[in-house]
Structure formats: structure tokens, C-alpha cells
Amino acid sequence: MSKAEKTREYIIEKAAPIFNTKGYAGTSLSDIIEATGLTKGSVYGNFENKDEIAVAVYGYSVNALGKRLDDAMNDRNSALDKLLAFTEYYRINWRGTFERGGCPILNASVEADDNLPILKKIVQDSIKNWVSRLTKIIEEGMQNGEFKERISSLEHAYLIITLVEGGILLAKIENNPKRLFSALDRVVKIIKEEIKK
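Here we summarise the structure given alongside this text.

With the rule as written, the count across this model stands at six aromatic pairs. Seen in terms of ring centroids, F86 and W130 are 6.2 Å apart; in terms of plane orientation they differ by 55°. Their pairing is tilted. Separated by 44 residues along the polypeptide, F86 in helix α5 (residues 79–99) and W130 in helix α7 (residues 117–143) bring together distant segments of the chain. Taken together, a centroid distance of 6.2 Å and an interplanar angle of 85° make the contact between W94 and F181 edge-to-face. Here W94, found in helix α5, pairs with F181, found in helix α9 (residues 178–195); they are 87 residues apart in sequence, far enough to count as distant. The exposure class of W94 is buried, given its relative accessible area of 16%.

The following block contains the structure:
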């Protein structure tokens, strides 16, 4: 990795928690300079503008979340255990999620919907990828006889994500993790009663 690539990566890593807590619109160049200890020239020597930083930070944050979720699910042998591990990840790691400002996909979705067209398509693609991961797990369970055959893997994947994201939203705004735990309990019930054979 070249010095320029290392500097770019350093800026992204330091800026990611700021963007996720202050928002994409609310994060200023001064915030990035303060977090990195770099000069304005150094930051803009690596990025054309704040939008380019925002896109890079979003990608970094979503990839980090995806890796943490994959790590939680990949060592599980069955599709059922993988889906349950998905819920366990949030139950175990809710504090870290909150300290990082919440879910980067959720946060960016709220801003990108009406105010950040540069991020909107990227966020939509992230959600599609997330849905695709869960859909594949559900379909794997259907193929190996763990899950009911006549269910919509796509609809259930969206439902799981909706409940988890809604739980994070309410838990964060009310500063009450019970809202998230309640949503996760509902997801587990859906997995065990609607999806599982």
C-alpha cells in the first residue's frame, strides 16, 4: 500500500464514526481535520470533495458491518443457526452499534432519501445486498429441509431487516435497548414459527 493509499484509508477510518454520529450533511471539513490531525490540503489531496469522502466512508462503514455480521454467522453450520446468529449479533453488540452512532445503512438511508442524491443509489444497493445475503440463507434452509418450502425468502428477508432496523431506530432515539431486544425477539419468533419447518 502506497503512502497516499495509507493516508486515504486513515482519513476514511477516522471520519467514519463522525459521519455516522453527526450525519453526512452535519459533518464538516473541520470535523475531519480535527479527527485526523491532517491539514485541509492533505485531506483534499486525497479526496476531491466532501461528497467523495462521504461515499468512501459509507462504503467502509457498511463493509465493516458486513464483516462483523459474516463473522457472527459463518461459523454456524445450519441455515437456522445462521439466522439466529444474525439476531444474536445485535443482541450482543448493541452497545457498540449505538456508540458508533447506530446502523450506517439506517443513518445514511434517512439522509440520502431526500437530501443526498449522491448516496441514495449506493444505500439502495447496500440494502439489496443485505436482503440478498439473508435470502440466500433462507433458501439454503429451504433446500436442506430446515425451512418450509412454501415461504417467500425475499419477503422474510425484508421483514427481518425492517424489524431489526426499526428496533435500532427506536432503541437509539429512546436510549432504551429493550426496543431493539423486543424487535429481535419478534424476529426469532418469525424464524422459529413461520420459517422453520
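What follows covers the environment of N175. For N175, the position within the fold is in the loop between α8 (153–174) and α9. A relative accessible area of 65% places N175 in the exposed class. As for N175 and E9, which are separated by 166 residues in sequence, their C-alpha atoms are 32 Å apart.

Now for a nonpolar patch on the surface. A cluster of nonpolar side chains, L169, L170 and I173, forms an exposed patch at the surface whose accessible area comes to about 310 Å². Mapped onto the secondary structure, I173 falls in helix α8.

On to the nonpolar core, then. Counting 58 residues, the largest nonpolar core has F86, Y90 and I195 as the members making the most contacts within it. Breaking this core down by element, the ones donating at least two residues are α1 (3–22), α2 (29–36), α4 (50–74), α5, α6 (104–114), α7, α8 and α9. Not counting residues up to four positions away in its chain, the partners in contact with Y90 are L65, L69, W130, V164, I168, L180 and L184.

Our focus in this paragraph is the packing of α4 against α5. Taken N-terminus to C-terminus, the directions of α4 and α5 make an angle of 125°; their axes are 8 Å apart at the nearest point. Here α5 runs oblique to α4, going by the angle between their axes. Every pair of crossing elements has a handedness; the one defined by α4 and α5 is right-handed. Contact residues: L65, R68, L69, A72 and M73 in α4; K82, A85, F86, Y89 and Y90 in α5. For the contact of α4 with α5, the residue count by class is eight nonpolar, no polar and two charged.

About the cut-offs
- Residues numbered from 1 in each chain as written.
- Predicted model: local features only at pLDDT ≥ 70, side-chain atom pairs only at ≥ 80, totals over all residues.
- Heavy atoms only, no water.
- Phe/Tyr/Trp six-rings, centres within 6.5 Å; stacked < 30°, edge-to-face > 60°.
- Helix = DSSP H or I, 4+ residues; strand = E, 2+ residues; numbered from the N terminus.
- Buried < 20%, exposed > 50% of the residue type's maximum accessible area, 1.4 Å probe, protein only.
- Patch = residues over 30% accessible without salt bridge, like charges linked within 9 Å, V, L, I, M, F, W, Y side chains within 5 Å.
- Areas by Shrake-Rupley, 256 points an atom, 1.4 Å probe, with all protein chains shown as cover.
- Salt bridge = Lys/Arg side-chain N within 4 Å of Asp/Glu carboxyl O.
- Core = buried A, V, L, I, M, F, W, Y, C linked by side-chain atoms within 4.5 Å.
- Contact = heavy atoms within 4.5 Å.
- Axes fitted to C-alpha atoms, helices over the stretch in contact; angles between N-to-C directions.
- Parallel < 35°, antiparallel > 145°, perpendicular 65-115°, else oblique.
- Left-handed = near helix turned anticlockwise from the far one by under 90°.
- Nonpolar A, V, L, I, M, F, W, Y, C, P; charged D, E, K, R; others polar.

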